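Here's the letter readout for the chains.
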Amino acid sequence: MALFLSNLGAAGIILTIAVMLASGFLLTRFTKRLHLPNVTGYIIAGVIIGPWCLNLVPSQYIEQMDFITDLALAFIAFGVGKYFKLSSLKANGKKMVILTLFESLTAGIFITIVMLIMGLSLSFSLLLGAIGCATTIMTIRQYKARGPFVDTILQVVALDDAVSLIAFSVCAAFVQASSSNGSVTVSQIAFPVLFNLLALALGGLSGVVLSRLIHKRRSKDHSLVLACVTIMGVAGICTSLNVSPLLACMASGTAYINASGNKHLFKQLNQFTPPLLVMFFVLSGMRLSIPSLAAAGVIGIVYFLVRIAGKYTGSALGAAVTHASPEIRRYFGLALIPQAGVSIGLAVLGQRMLPAAEGTMLATIILSSAVLYELTGPACAKLALLRSGAIPRPATRQPA
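No experiment lies behind these values; they were computed from the predicted model shown. (Residues numbered from 1 in each chain as written. Predicted model: local features only at pLDDT ≥ 70, side-chain atom pairs only at ≥ 80, totals over all residues. Heavy atoms only, no water.)

J.: Would you take a moment to explain the overall build of the protein for this structure?
T.: On a plain count of helices and strands, the protein comes out with 20 helices and zero strands. Put simply, the protein has 400 residues, and 51% of those count as buried. Of the roughly 18,600 Å² that the protein leaves accessible, carbon and sulfur atoms contribute 68%. (Helix = DSSP H or I, 4+ residues; strand = E, 2+ residues; numbered from the N terminus. Buried < 20%, exposed > 50% of the residue type's maximum accessible area, 1.4 Å probe, protein only. Areas by Shrake-Rupley, 256 points an atom, 1.4 Å probe, with all protein chains shown as cover.)

Here it is, written out as structure tokens:
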């Protein structure tokens, strides 16, 4: 099949995309019956059609699809920007920000320190720690949970991705600066920081301009076109300058929501991006190196456990500092175990920055642990929702 597609040229690429989308859809038919998130099905689909299983997709096509990852992350980062609406942040107060920083950064610090103790490089440890900050949550939607506990989770998880994007961008600047000769000078740090600041300014300016271009008389179709032009343009400029587009695209989304106050565009983008995200996750599965699983096994298990410990410890500390409710203190960490989405995209970016062996190990750890988190995370999140009272406990039958 791979040989057949590779001989078709442009038609082969189109058929490859069709195979990726179809396989992702078909695998979710099985994962839904097992009550697993769609992301798990997409990743497994990529493994099945990839080079280590059925080999349905030519290897040269897989290598040429980096732009899918870049586009997916650009749209994700822009969407994260909507959670930085100043009026909402003021209404929620400082407690949510403090709780998020504690649970997110504690996990990242735990991971970084443990990886360094295990003898891994500083660059690898920093990137893995930054990726470990991210969280995803699907169980809330599945069980239609409601209440203060749920509201806190949704707000924290939204900010969580932003913290992870910022932490990764800072660590990436350090890694890129130190990659030349192993030592870091002031100029090597200053230039990446300067470029990232310029990228932030570019993103902010683009968001303001976009808010002016999209007005009430603008059709929905053309509003979506202008949004795509903005997001892709910012991502393309940043990538051409060897700067991560994450912060710039997030700044663009932040500037747009604060300048316009309009969330409808984000809803439009959510309807536009599903095929792109399916390709992104399936592509990640195709790139999962099965032989590397054995080499990364111990490190992957340690990462899996240490991140859970970090999330739980950070949540408890943040809840204590903010004087949160007993439910938040006891059960909030359980709800933050699942991880996918942003973390997978960051792993692909991190893989490009590290030496080949370390990069493959980083991607393998994140992809394999994402599947484990999505297998165990929903059950833990459901338990947290039950214990906190966010969803009703199953009724017990009274004795006759």
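Moving on, there is more to tell.
J.: Would you take a moment to explain the nonpolar core for this structure?
T.: A general trend in soluble globular proteins is that nonpolar side chains are found buried together. In this structure, L128 and F168 are the most contacted members of the largest nonpolar core, which totals 102 residues. The dominant element in this core, judged by the number of residues it contributes, is helix α10 (residues 148-178), at 13 residues. The residues touching F168, leaving out its near neighbours within four places in the chain, are L127, A130, I131, L246, L346, L349, G350 and M353. (Core = buried A, V, L, I, M, F, W, Y, C linked by side-chain atoms within 4.5 Å. Contact = heavy atoms within 4.5 Å.)

J.: When you look at the environment of G41 in this model, what are you seeing that I'm missing?
T.: The residue G41 is located in helix α3 (residues 38-49) in this model. In this structure G41 comes out as buried when scored by relative accessible area, which is 0%. In the structure, G41 is positioned 18 residues away from S23 in sequence and 8.9 Å away in space, judged by C-alpha atoms. With residues up to four places along the chain from it excluded, the contact list for G41 reads L27 and T31.

J.: What am I meant to see in the pattern of salt bridges here?
T.: Close approach of charged atoms lets side chains of opposite charge pair. Summed over the entire model, instances satisfying the criterion amount to four salt bridges. Between D160 and K311 there is a salt bridge, and its shortest N-O distance comes to 3.0 Å. In this pair, D160 is assigned in helix α10 and K311 in helix α17 (residues 297-321), connecting sequence segments 151 residues apart. With relative accessibility at 0%, the residue K311 sits in the buried group. Within this structure, E103, D160 and K311 form a network of salt bridges that share partners. (Salt bridge = Lys/Arg side-chain N within 4 Å of Asp/Glu carboxyl O.)

J.: Before we go on, may I ask you to explain unusual backbone geometry in this structure?
T.: Residues other than glycine predominantly adopt negative phi, and peptide bonds predominantly adopt the trans conformation. For N55, which is not a glycine, the phi torsion comes out positive at approximately 55°. With respect to the helices, strands and loops of the structure, N55 is situated in the loop between α3 and α4 (59-63). Overall, the relative accessible area of 35% leaves N55 in the partly exposed class. Backbone geometry places H323, a non-glycine residue, at a positive phi of 55°. Of note, H323 is situated in the loop between α17 and α18 (326-335).

J.: Is there a simple way to think about the environment of L283 in this case?
T.: Within the secondary structure layout, L283 lies in helix α15 (residues 274-286). Residues L283 and I49 lie 234 residues apart in sequence; the distance between their C-alpha atoms is 9.7 Å. For L283, the residues in contact, after removing those within four places along its chain, are M20, I62, M65, I68 and T69.

J.: Sorry if this is basic, but what is going on with the packing of aromatic side chains here?
T.: Aromatic ring pairs are reported here in terms of the distance separating the ring centres and the angle at which the planes meet. For the structure on display, the rule yields five aromatic pairs. Plain terms: the ring middles of F75 and F272 are 5.9 Å apart, the flat faces sit at 45° to each other, and that makes the pair tilted. Of this pair, F75 sits in helix α5 (residues 66-80) while F272 is found in helix α14 (residues 264-272), placing the two residues 197 residues apart along the sequence. With relative accessibility at 36%, the residue F272 sits in the partly exposed group. Note on F78 and F266: the rings are 5.4 Å apart at their centroids and 25° apart in plane angle, and the pair reads as stacked. Pair noted here: F78 is in helix α5 and F266 is in helix α14, with a separation of 188 residues, a long-range link. (Phe/Tyr/Trp six-rings, centres within 6.5 Å; stacked < 30°, edge-to-face > 60°.)

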